[in-house]
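An overview of the molecular structure
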Amino acid sequence: MFGAKAGCSVKNLGLENVNIIGKDCVGGLLGDGAFVTIENCYVTGIVAGGDYVGGLAGFSGDSLNIFNSYTDVSVTGSDDIGGLVGCMYISSINNCYALGNVLGASYTGGLVGGWDVANTLKDSYYDKETNGQTDTGKGEGISSAEIREKMIAAGWKGSSSGGTTGGGTGTVQDILFQIGIHSNAESQIALNTSFALTNLDELRNIGLSDGNYFETIDNILASISAKQTEYGACQNRLESALEEINTHYENLLSSRSTLRDSDVAQESSAYIRNQILQQASATLLATANQTPAIALQLL
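Residues numbered from 1 in each chain as written. Predicted model: local features only at pLDDT ≥ 70, side-chain atom pairs only at ≥ 80, totals over all residues. Heavy atoms only, no water.

**Some remarks on the overall build of the chain**
- Looking only at helices and strands, one finds two helices and 18 strands in the chain.
- Residues counted as buried form 33% of the 299 residues belonging to the chain.
- Expressed as a percentage of contacts within the chain between residues at least 6 apart in sequence, the contacts between residues at least 24 apart total 70%. (Helix = DSSP H or I, 4+ residues; strand = E, 2+ residues; numbered from the N terminus. Buried < 20%, exposed > 50% of the residue type's maximum accessible area, 1.4 Å probe, protein only. Contact = heavy atoms within 4.5 Å.)

**What about unusual backbone geometry?**
- Backbone geometry at isoleucine 90 places phi at a positive 50 degrees, although glycine is not the residue there.
- For isoleucine 90, the position within the fold is in the loop between strand E8 (85-88) and strand E9 (92-94).
- When its relative accessible area of 47% is taken as the criterion, isoleucine 90 is described as partly exposed.
- Of note, the phi angle at asparagine 95 is positive, near 55 degrees, even though the residue is not glycine.

**Focus on a nonpolar patch on the surface**
- On the surface, Ile217, Leu221 and Ile224 cluster together to form a nonpolar patch covering roughly 240 Å² of accessible area.
- Along the polypeptide, isoleucine 224 turns up in helix H2 (residues 213-298).
- Take isoleucine 224: its relative accessible area is 36%, and that puts it in the partly exposed class. (Patch = residues over 30% accessible without salt bridge, like charges linked within 9 Å, V, L, I, M, F, W, Y side chains within 5 Å. Areas by Shrake-Rupley, 256 points an atom, 1.4 Å probe, with all protein chains shown as cover. Salt bridge = Lys/Arg side-chain N within 4 Å of Asp/Glu carboxyl O.)

**What about the nonpolar core?**
- Core analysis: the largest hydrophobic core is formed by 29 residues, its most contacted members being Leu29, Ile38, Leu64, Ile66, Leu84 and Val85.
- With six residues, strand E3 (residues 30-48) is the single largest residue contributor to this core.
- Membership of the second largest hydrophobic core comes to eight residues, among which are Tyr70, Tyr97, Leu99 and Ile147. (Core = buried A, V, L, I, M, F, W, Y, C linked by side-chain atoms within 4.5 Å.)

**Focus on a negative patch on the surface**
- A contiguous patch of negative charge on the surface is contributed by Glu129, Glu140, Glu146 and Glu149.
- Looking at where glutamate 146 falls in the secondary structure, it is placed in helix H1 (residues 144-153).
- Among the residues examined, glutamate 146 registers a relative accessible area of 37% and is labelled partly exposed. (Lys, Arg positive; Asp, Glu negative; His and termini not counted. Charge placed at Lys NZ, Arg CZ, Asp CG, Glu CD.)

**Observations concerning the pairing of strand E6 (residues 70-76)**
- Judged by how many residues are buried, E6 sits mostly within the fold: six of seven residues are covered.
- Sheet topology note: the E3/E6 ladder contains seven bridges and is parallel. Note that in E6 the partner of valine 43 across the bridge is threonine 71.
- Bridge count between E6 and strand E10 (residues 97-99): three bridges; the pairing is parallel. (Pairing = 2+ DSSP bridges.)

**Considerations on the state of the cysteines**
- Tallied over the entire structure, the rule returns zero disulfides.
- The thiol sulfur of cysteine 25 is not disulfide-bonded, and the nearest other cysteine sulfur, from cysteine 87, lies at 8.8 Å.
- Judged by its relative accessible area of 24%, cysteine 25 is partly exposed. (Disulfide = S-S within 2.5 Å.)

**Observations concerning the pattern of salt bridges**
- In the structure shown here, the tally under the stated rule is two salt bridges.
- For lysine 11, the salt bridge is made with glutamate 39, and the minimal N-O distance between the two is 3.9 Å. With a gap of 28 residues between them, lysine 11 in strand E1 (residues 2-21) and glutamate 39 in strand E3 connect regions that are remote in the sequence.
- The exposure class assigned to lysine 11 is partly exposed, which follows from its relative accessible area of 49%.
- With its nearest N and O atoms 3.3 Å apart, the salt bridge here joins glutamate 230 to lysine 227. One end of the pair, glutamate 230, and the other, lysine 227, are both in helix H2, three residues apart, so they sit about a helical turn from each other.

**Observations concerning the sheet that holds strand E4 (residues 53-54)**
- Spatial strand order, E2-E4-E7-E12: four strands in an open sheet with parallel pairing. Each edge of the open sheet is held by one strand with a lone partner, namely strand E2 (26-27) and strand E12 (106-109).
- Pairing of strand E7 (residues 79-82) with E12, which is carried by three bridges, proceeds in the parallel orientation. Looking at the pairing, isoleucine 81 lines up with threonine 108 of E12.

Put into structure tokens, the structure is as follows:
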């Protein structure tokens, strides 16, 4: 997606079914980068090139930091080939996964191809069942099932399809709507936006001789209806929450107006009281000034 970038960050981005063919420094998301942060991203599909080829990034000469990301990519190249990154220096990888086949001539790794001793690696794995590369690539090779378990435990709600050709379905996390003041389930609405009709292939070349085609169609329609019901239920809850928020808002405005009216009445009463006291003081002072004159008249 990006040929060369420096001093930037890419977050919360998924690229599905890519088909990228280049020469050198080729990656599904980034070809060549320095001082780049990649977080919560994934790539599925096919990436091919010459040297420095990776499923997520091709090459980084300095400070490529990757967090919570994965690839399900078929990666092919010559030298410095990796399922996640082709070659990297003075960089870091944390909580990342690489699935898919990796083919290269030299410096080829399931996770990373060319590796510098100044790099850091933590909690990152590659699928040893889809690629057997262990040359200079860092990261532990584990089974596909173990990777999927770790991905789900790390926060990915789904898992990619795996395989040697890439093209995984990606992982769409639940969307959480905060509708209350608390952080528990009662104050949140979760909506899973992922939807797939995996049995559509069964409708190909279907004919009248197939007595189960009505059942197949009914199953597909039932899947669509179930997802529609889920969306409708979420929409109803959101509308109900919105109405409740509007009611609270109106009550809050009414209470605020009442409080302000009370404050105005209190200040008005205090002002009138001060005026009365001022007038009474002036009257008493005037009377006191007249008293000596009255006494002189009597004399």
